[in-house]
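Per-entry structural report
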Amino acid sequence: MAGRQREGTVLEAKPVKTKPPPMYKVMILNDDYTPMDFVVIVLQKFFSLNREKATAVMLKVHREGMGVCGVYSKDVAATKVDQVRSYAKQHQHPLQCMMEEN
């Protein structure tokens, strides 16, 4: 009896709206010790910025104290932050990188 259907009844699927996952800004912070050229290299290496764009972001970091490198999903942003911190530490620079919800 559970398998019976009433004639004339139409079931419509209700459209499900899923929100896209939150995105996160990855930012580099200014310090007084990390060379500007090193910051440009990091931006090119980990954020695939060309030399011109990397230089513009580096100058923003230098002048304003912080610059956005890119906007990514949470996992990708966390990976980028870890990569930058690790690379800076390997090269003995105190460069800091962080992420925050966009």
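Here the structure is shown first, and the text comes after it.
This write-up is about the structure you can find in this document.

What counts, and where the lines are drawn
Residues numbered from 1 in each chain as written. Predicted model: local features only at pLDDT ≥ 70, side-chain atom pairs only at ≥ 80, totals over all residues. Heavy atoms only, no water. Phe/Tyr/Trp six-rings, centres within 6.5 Å; stacked < 30°, edge-to-face > 60°. Helix = DSSP H or I, 4+ residues; strand = E, 2+ residues; numbered from the N terminus. Buried < 20%, exposed > 50% of the residue type's maximum accessible area, 1.4 Å probe, protein only. Axes fitted to C-alpha atoms, helices over the stretch in contact; angles between N-to-C directions. Parallel < 35°, antiparallel > 145°, perpendicular 65-115°, else oblique. Left-handed = near helix turned anticlockwise from the far one by under 90°. Contact = heavy atoms within 4.5 Å. Lys, Arg positive; Asp, Glu negative; His and termini not counted. Salt bridge = Lys/Arg side-chain N within 4 Å of Asp/Glu carboxyl O. Polar contact = N/O pair within 3.5 Å; in protein donor to acceptor, adjacent residues only side chain to side chain. Nonpolar A, V, L, I, M, F, W, Y, C, P; charged D, E, K, R; others polar.

**Section: the packing of aromatic side chains**
The full count for this structure, using the stated rule, is 3 aromatic pairs. Ring geometry for Phe47 versus Tyr72: centroids 6.3 Å apart, planes at 40 degrees, classification tilted. On the criterion of sequence distance, the pair formed by Phe47 in helix H1 (residues 36-47) and Tyr72 in strand S2 (residues 66-73) is long-range, its members being 25 residues apart. Residue classification places Phe47 among the buried residues on the basis of a relative accessible area of 6%. Judged by its relative accessible area of 17%, Tyr72 falls in the buried class. Here the aromatic cluster, defined as three or more aromatic residues joined through ring pairs, consists of Phe38, Phe46 and Tyr87.

**Thoughts on the packing of H1 against helix H3 (residues 74-90)**
The N-to-C vectors of H1 and H3 enclose an angle of 140 degrees; their axes lie 11 Å apart at closest approach. Between H1 and H3, the crossing angle belongs to the class labelled oblique. For the pair H1 and H3, the crossing hand works out as right-handed. Across from Phe38, Ile41, Val42, Lys45, Phe46 and Phe47 in H1, the residues of H3 making contact are Lys80, Gln83, Val84, Tyr87 and Ala88.

**What to know about the side chain of Asp31**
Mapped onto the elements, Asp31 comes out in the loop between strand S1 (23-29) and H1. Put simply, Asp31 is tucked away with no salt bridge, and the nearest opposite charge, on Arg85, sits 11 Å away. Among the polar contacts made by the side chain of Asp31, one reaches the main-chain amide nitrogen of Tyr33 at a distance of 2.8 Å. A distance of 2.6 Å separates a polar atom in the side chain of Asp31 from the backbone nitrogen of Thr34.

**So, the packing of H1 against helix H2 (residues 51-64)**
It is at 9 Å that the axes of H1 and H2 come closest, and there the two elements cross at 125 degrees. As the angle between them shows, H1 and H2 are arranged oblique. Crossing angle aside, the handedness with which H1 passes H2 is right-handed. Judged by residue contacts, Met36, Asp37, Val39, Val40, Leu43 and Gln44 of H1 engage Arg51, Ala54, Thr55, Val57, Met58 and His62 from H2. Tallied by class, the residues present in the contact of H1 with H2 amount to 7 nonpolar, 3 polar and 2 charged.

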